[in-house]
Amino acid sequence: MQFPHRGWQGSYIAALLAGGAIAIALPLLLNLVSPTLLEPVELWTVDLRFQHRPPLPVTDDPSQDPSSTLVAFDYDDRAAYDYGLGRWPWDRRIHAHALDLLSKSGARAVLVDLLFDYAASNPAEDKALVEATRQAGIVFYPIALRPAPTGENGELVQFPSRRHLLQAEAQGFGEIPAAADVTLLLPGLIESARGLGHTQRTADRDGVLRRVPLLYAVKGGFLPSLALAAALRQLDVDTTSVRIERGRTIRFKPRKGPEMVIPIDQQGRTWINYAGPWGASFHHYPYSWVLDQLQLERSKASLPDRFKGKTVVLSNLTTGSGSRVATPFEGDFPSGEVHLHVLNMILRQQFLREATGAESALCLGGPVLLLTGAALAGGPWLVLVGFIAVLVGYLVSLQQVFNHAGVILPAVNPILALTFAPILLLVGRFLFVDRERVRFQSVLGGFLPPQTIRAIQQNPQTIPRLLAGRTRELTIFFADLKGFSAFCKRADPLQIQRILRDYLTAMTLILRSYGGTLDKYMGDGIMAFFGDAEAEGGGEEAEEKRVERNAANAVRAGLAMQKKMTELNLQWISQGQEPHLIRIGINTGFVTVGNLGTEYLWDYTVIGPEVNKAQRLESAAEAGALLLARRTFALARNQKVLPDELPPCTFALKGIGEETDLYAVPAELVAQLEVSPPQLPERKKIKMKIRRLISSGKDRPA
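Computed from a predicted model, the values in this text were never measured in an experiment. (Residues numbered from 1 in each chain as written. Predicted model: local features only at pLDDT ≥ 70, side-chain atom pairs only at ≥ 80, totals over all residues. Heavy atoms only, no water.)

A. Spatial organisation of the sheet that holds strand S12 (residues 260–263). Taken together, four strands build an open sheet; the order of strands is S4-S10-S11-S12 and the sheet is mixed. In this open sheet, the two edge strands, each paired with only one partner strand, are strand S4 (169–172) and S12. The average angle at which neighbouring strand axes cross in this sheet is 20°, direction not considered. Where strand S10 (residues 243–246) and strand S11 (residues 249–252) come together, three bridges link them in antiparallel fashion. Residue pairing in the sheet places Glu245 in a bridge with Thr249 of S11. (Pairing = 2+ DSSP bridges. Helix = DSSP H or I, 4+ residues; strand = E, 2+ residues; numbered from the N terminus. Axes fitted to C-alpha atoms, helices over the stretch in contact; angles between N-to-C directions.)

B. Structural context of the packing of aromatic side chains. If you walk through the whole model with that rule in mind, you get 18 aromatic pairs. Ring geometry for Tyr75 versus Tyr287: centroids 5.3 Å apart, planes at 70°, classification edge-to-face. With Tyr75 in strand S1 (residues 70–75) and Tyr287 in helix H8 (residues 287–295), this residue pair connects regions lying 212 residues apart in the sequence. The pair Tyr75 / Tyr287 is uniform in exposure class, with both members buried. Ring geometry for Tyr285 versus Phe307: centroids 5.1 Å apart, planes at 65°, classification edge-to-face. Highlighted residues: Tyr285 in strand S14 (residues 283–286) and Phe307 in helix H9 (residues 303–307), separated in sequence by 22 residues. Chaining the aromatic ring pairs together yields one cluster made of Phe73, Tyr75, Trp88, Trp90, Tyr285, Tyr287, Trp289 and Phe307. (Phe/Tyr/Trp six-rings, centres within 6.5 Å; stacked < 30°, edge-to-face > 60°. Buried < 20%, exposed > 50% of the residue type's maximum accessible area, 1.4 Å probe, protein only.)

C. Expanded view of helix H19 (residues 609–620). Taking 1.5 Å of rise per residue, 12 residues should cover 16 Å, and H19 covers 16 Å from first to last C-alpha, within 8% of that figure. Residues of H19 that are buried: Val611, Lys613, Ala614, Gln615, Arg616, Leu617 and Glu618. (Expected span 1.5 Å × (residues − 1).)

D. Region of the structure containing the packing of helix H18 (residues 539–574) against helix H20 (residues 630–638). Two elements in contact, H18 and H20, have axes separated by 8 Å at closest approach and are oriented at 95°. Here H18 is positioned roughly perpendicular relative to H20, judged by the angle of their axes. Along its contact with H18, which presents Glu544, Val547, Glu548, Ala551, Ala552 and Val555, the element H20 presents Arg631, Thr632, Leu635, Ala636 and Asn638. The residue makeup of the contact of H18 with H20, split by class, is six nonpolar, two polar and three charged. (Parallel < 35°, antiparallel > 145°, perpendicular 65-115°, else oblique. Contact = heavy atoms within 4.5 Å. Nonpolar A, V, L, I, M, F, W, Y, C, P; charged D, E, K, R; others polar.)

E. View of unusual backbone geometry. Residue Trp88 is joined to Pro89 through a cis peptide bond whose omega torsion reads 5°. You can see Pro89 is positioned in the loop between helix H3 (77–82) and helix H4 (92–104). Not every positive phi belongs to a glycine, and Asp236 is a case in point at roughly 55°. As for its position among the elements, Asp236 is in the loop between helix H7 (226–234) and S10. Within the chain, Gln349 stands out as a residue other than glycine whose phi angle is a positive 55°. When you line up the elements, Gln349 lands in the loop between helix H10 (336–347) and strand S18 (353–354).

F. Layout of the nonpolar core. Ranked by size, the top nonpolar core spans 54 residues in total, and within it Phe252 and Ile346 carry the most contacts. Elements with a contribution of two residues or more to this core: helix H2 (39–52), S1, strand S2 (109–112), strand S8 (215–218), H7, S11, S12 and H10. By residue number, the principal contributor to this core is H7, which donates seven residues. Among all residues touching Phe252, those that are not within four sequence positions of it are Leu228, Leu232, Leu235, Val237, Ser241, Val242, Glu259, Met260, Ile262 and Ile346. In this structure, Ile94, Leu102, Phe307 and Leu314 belong to the second largest nonpolar core, which totals 48 residues. (Core = buried A, V, L, I, M, F, W, Y, C linked by side-chain atoms within 4.5 Å.)

Following this line, the structure appears as structure tokens:
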């Protein structure tokens, strides 16, 4: 079982990055297979952004919510009933009267949302309407048309009045819709109108009107929408300045002020930036109310103030006659007000635009990369918490960017990618981290102290660091039952097994509770080391404190083991068994630590001269006592584990020679010393692991 540090780390990072890339690619692939599948959901998210946005300002006066310059003049049922106007269509002299009234009251422009495409039965009606239009000089009439399926590529229809067209220069890639057929007005109205504009509306597949073409191509130029025609006149635009960048913008230069840029999409449509629900942003004046005011002598002077300097949209709201559309705010929206919203959007330059390619790529990849970073930085809980945080953050960003910048960022694709990402990242994490953590713990988990296991569970990326061969200053611990080989010659196998089980279980619990790493069982011998699991770094002072703390814990563990042997001996004697004593040797020094085995058998261990010395100390120690190297004693004394007056002694160590600065802790002193209690782990779990390891003891190293 190989565990190459760099290769594993690189594979893990590559797997997570691949998971993130797949999460990003899946929505793109779905769009490629079925381009229109997710479009209704995307448009629905745009409607939600409209509905959760604060009302759009339509006036410079903060104390006034409705627009002070754009108003609606509505033909209503009450006017028909109370004033005897009859059923629709009304006598066209009524419209002439309304135009005359608005003109005399000082209206700046009148947009008529009524189509007069045929002659009235009474010629006097048309004559009166044409004359009122000519006298007013401020009236804009609508043109009905039928879009050409081939756009500009087909044969363009002839338009009778060139002065109402825009002579714009078009360039770039994209489509400008073209008219296949035009429904003309009465000739007199065409000549007398201030301007003409189309009222063609292109609802989306779900029937909601969100975008509208501002221009239609005809032979000889471009026919603007009714609202755009009025806006160009009101802004006093030099028509020679109009430029069209297909799929991007419509540009024009007012005679006063900077150039204006209207975003359009690849179909030549612009988003309608609705200021709010119907009637919330613009004043509506019913015709019946106007007629009421005219009948009141005292109100004659106040009526002109209602329309002075204002742009008025005249529309039909009588039952069964008026045109209605669905908008992001409601499903039954009288269409006349749409002109007011488009006109307000142009005059106040409150445009909406779709995200650019770079912005869309950032929206798609950014959240997934953030989540991938969370997966690299921490565990599965961080991935899940990160998913919720990134998702909420992105939803808030969608709304805020829409509110303040007028940019419609994509919602469905990034959210789909963000939804796929945690699944793929957690699968990748399991394959390259959690699976290896399980394998690691199954092989070495029983040897490691609880704090090391917890560190691995919290951050499995510590596994490569633990397994990589490295040099560190550790404290090496050996313990051995004195005379156990002779005992084995006279005892039966079951008795030997019971003694070893009781002894090894108790000693291992103590070692692990003090932070020791169990290296191996060697028959009745135990090898362990302290300090390997703690992270490196922090400078020499921090490293010295680590070594000191772990050396002291090793000595504490040795004292606790000797005291535990007293309890075990009482237990064994009560069971008719022989008592046993242990020898303990402890040394501190620089060793090589890591997985020093092969792919067939892991061996997380330490090697080096200091390890051999620790074993020789154990062999030279007296039964029931501890024998410490000089540095180990000094470090433990600094931690107040051992008394200062303990005298040095000299021992001849096999294969090393005579050592003078050694410190023996005899059995009498062990009994007198107090040992601070460790933070005990869950004993049941540890015991179960240790019982499985009892039979896997290895021969003592030479």
